[in-house]
Amino acid sequence: MALPIISAEERLKERHTAKVGLVGIPGIGKTTQLKTLPAKKTLFVDLEAGDLSVKDWPGDTVRPRTWPEFRDLVVFLAGPMPTATAEQPFSQAHFDHVCAKYGDPTQLAKYDYYFLDSLTVLSRLCFAWCKTQPQAFSEKTGKPDSRGAYGLLGQEMIAALTHLQHVRDKHVIYVAILEEKMDDFNRRIYQLQLEGSKTGLELPGVLDEVVTLTALKADDGSVYRAFVTQADNSYGFPSKDRSGKLDAEEPPDLGRLIAKCLGQLPESPTTHPNPTPNPNTAS
């Protein structure tokens, strides 16, 4: 058996997709970005049951209510994990069980985008489940052990999201709430609002793009919304651009941003007015 090398020609012919973290404060318009994606080609994974802003969006939706339901959805969307043993989540046995329940996974072929809203709520569902598992109780006393529950939470979240990351023919968008906090030196910092710390620390390394949707102030005092895309931004937002094709600020249009990441739009200077740096951001 020959080494399964993928030639440069074959790799360049592959369909490339983006895995995007979309973060922002509540009410900034994260969920509404769903409207910038083609409705017939997008599956909306509604974890928040807060779809009022997109109630007229004509696309398909699924609403997992528990962590086991979400794990079933992940293995259905992404297929089995080759390294998982039969008793583990995302195994071939798990996949076969879910296919018997949901039907033929070829029904997913019509979708190019999976839009998960939001990781904030998903982490709460996961933590609620983790607190019922044996790892969340002390072996000696039988009493609840929060350290065990949080450890399991990090493992479960990263395993599920990393597995979904391996869907090579779909764009996957993960929405999360951004929260402001003051550090020990009384400086304002921004971080993802998630249960536990492991997921928030590791998730940016898993994703191709992390963009912060925010309101910025121009030199003339007017306010405009934009995606902040670069890790070294002056605001301290958790952003990154692995594609190297995005401007420091991009128009608040997720569909356009994904196309630009893939080189399907010309790279042009931003048309936004020059913003005034956030005075509360640490230098």
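Presented here is a report on the structure given in the accompanying data block. Values in this document were obtained by computation on a predicted structure and should not be read as measured data.

**Notes on the overall build of the chain**
Regarding its fold elements, the chain presents seven helices and 10 strands. Over its C-alpha trace the chain gives a radius of gyration of 20 Å, about what one expects of a compact globule, namely 19 Å for 283 residues. With respect to the principal axes defined by its C-alpha atoms, the chain has extents near 60 × 55 × 45 Å. Going through the 283 residues of the chain one by one, you find that 45% of them count as buried. Excluding contacts between residues fewer than 6 apart, the proportion of contacts in the chain whose partners are at least 24 apart in sequence is 60%. With the model as given, the accessible surface of the chain reaches about 15,000 Å², and the carbon-plus-sulfur share is 53%.

**Things to note about the packing of helix 5 (residues 146-165) against helix 6 (residues 198-206)**
Running from N to C, helix 5 and helix 6 point in directions that differ by 15°, and their axes come no closer than 10 Å. One finds that helix 5 runs roughly parallel with respect to helix 6. Note that helix 5 runs across helix 6; the crossing there is right-handed. Each of Gly154, Gln155, Met157, Ile158, Leu161, Thr162 and Gln165 in helix 5 lies in contact with helix 6, whose residues at this interface are Lys198, Thr199, Glu202, Leu203 and Val206.

**What to know about unusual backbone geometry**
That bond from Asp117 to Ser118 is cis: its omega, 5°, falls within 30 degrees of zero. Within the secondary structure layout, Ser118 lies in the loop between strand 4 (113-117) and helix 4 (119-130). A positive phi is found at Phe90, a non-glycine position, where the angle reads about 70°. Its location among the elements puts Phe90 in the loop between helix 2 (67-78) and helix 3 (92-102). On the accessibility criterion, Phe90 (4% relative accessible area) is buried. If you check the backbone angles, Asn186 has positive phi at about 65° while not being a glycine. Exposure remark for Asn186: the relative accessible area of 58% places this residue in the exposed category.

**Brief notes about the pairing of strand 6 (residues 188-192)**
Both strand 5 (residues 171-182) and strand 6 contribute to a ladder of five bridges, which runs antiparallel. Bridging from a neighbouring strand, Glu179 pairs with Gln191 of strand 6. The turn joining strand 5 and strand 6, which pair antiparallel and follow one another in sequence, is formed by five residues; a positive phi near 65° is taken by Asn186.

**A look at the state of the cysteines**
Note on terminology: disulfide describes a covalent bond linking the sulfur atoms of two cysteines. As enumerated under the stated definition, the model contains zero disulfides in all. Summary of cysteine pairing: Cys130 is not part of a disulfide, and the nearest cysteine sulfur, belonging to Cys126, is at 3.9 Å. For Cys130, a relative accessible area of 0% translates into the label buried.

**A closer look at the environment of Ala136**
Position of Ala136 relative to the elements: it lies in the loop between helix 4 and helix 5. Each C-alpha atom, one on Ala136 and one on Gly151, is 8.8 Å from the other, the two residues being 15 residues apart in sequence. Not counting residues up to four positions away in its chain, the partners in contact with Ala136 are Cys130, Lys131, Lys143, Pro144, Asp145, Gly148 and Ala149.

**Section: the side chain of Glu250**
Mapped onto the elements of the fold, Glu250 is located in strand 10 (residues 249-250). Within the structure, the side chain of Glu250 is placed 2.7 Å from the side chain of Lys260, a separation counted as a polar contact.

**A short note on helix 6**
What helix 6 keeps buried is the set Thr199, Leu203 and Val206. Buried residues of helix 6, seen end-on, are gathered within an arc of 60° and therefore sit on one face of the element. What points out from helix 6, more than 90 degrees from its buried face, is the exposed set Leu201 and Gly205. The inward-facing, buried residues of helix 6 abut helix 4, helix 5 and strand 6.

**Comments concerning the pattern of salt bridges**
Two side chains with opposite charge may pair up if their charged atoms get near one another. Considering all chains together, one arrives at 15 salt bridges under this definition. Three or more residues joined by partner-sharing salt bridges are found here, namely Asp247, Glu250, Arg256 and Lys260.

**Considerations on helix 3**
Inspection of helix 3 places His94, Phe95, Val98 and Cys99 among the buried residues, and these make up the whole buried set. Buried residues in helix 3, looked at end-on, bunch into an arc of 130°, giving them a common side. Looking at the packing, one finds that the buried side of helix 3 touches helix 2. Taken from the residues just after helix 3, Gly103 is the one with a positive phi, measuring 105°.

Rules behind the numbers
- Each chain has its residues counted from 1, following the order in which its sequence is written.
- Owing to the predicted nature of the model, reporting of local features is limited to residues with pLDDT of at least 70; listing and counting of side-chain atom pairs is limited to 80 or more, with chain, interface and lining totals taken over all residues.
- Heavy atoms throughout the structure, all of them, feed into the side-chain values; hydrogens and water do not.
- Secondary structure counts use DSSP, requiring at least four H or I residues in a row for a helix and at least two E residues in a row for a strand, with both numbered from the N terminus.
- This radius of gyration counts C-alpha atoms alone. The globule rule is 2.2 Å times how many residues there are, raised to the power 0.38.
- For the exposure calls, accessible area comes from a 1.4 Å probe over protein chains only, and a residue counts as buried if that area is under 20% of its type's maximum, exposed if over 50%, partly exposed in between.
- Contacts are assigned to residue pairs with any non-hydrogen atoms lying within 4.5 Å of each other.
- Note on areas: Shrake-Rupley with a 1.4 Å probe; residue coverage comes only from the protein chains shown.
- A fitted line through C-alpha atoms represents every axis, and for helices the fit uses only the stretch in contact; the resulting angles, taken between N-to-C directions, go from 0 to 180 degrees.
- Reported orientations rely on four angle classes, namely roughly parallel under 35 degrees, roughly antiparallel over 145, roughly perpendicular from 65 to 115, and oblique for the rest.
- Note: crossing handedness is left-handed where the near helix turns anticlockwise from the far helix by less than a right angle, and right-handed where it turns clockwise.
- Only strands joined by at least two bridges in the DSSP assignment are considered to pair.
- In plain terms, two cysteine sulfur atoms within 2.5 Å form what is called a disulfide here.
- Within 3.5 Å is the distance limit for a polar contact, defined as a pair of N or O atoms, with the added protein rule that one can donate a hydrogen and the other accept it, and that residues adjacent in sequence qualify only through two side-chain atoms.
- It is the directions from the helix axis to the C-beta atoms whose arc is reported.
- Salt bridges, as used here, are contacts in which a Lys or Arg side-chain nitrogen is within 4 Å of a carboxyl oxygen on Asp or Glu.

So yeah, pure geometry; function would need other evidence.
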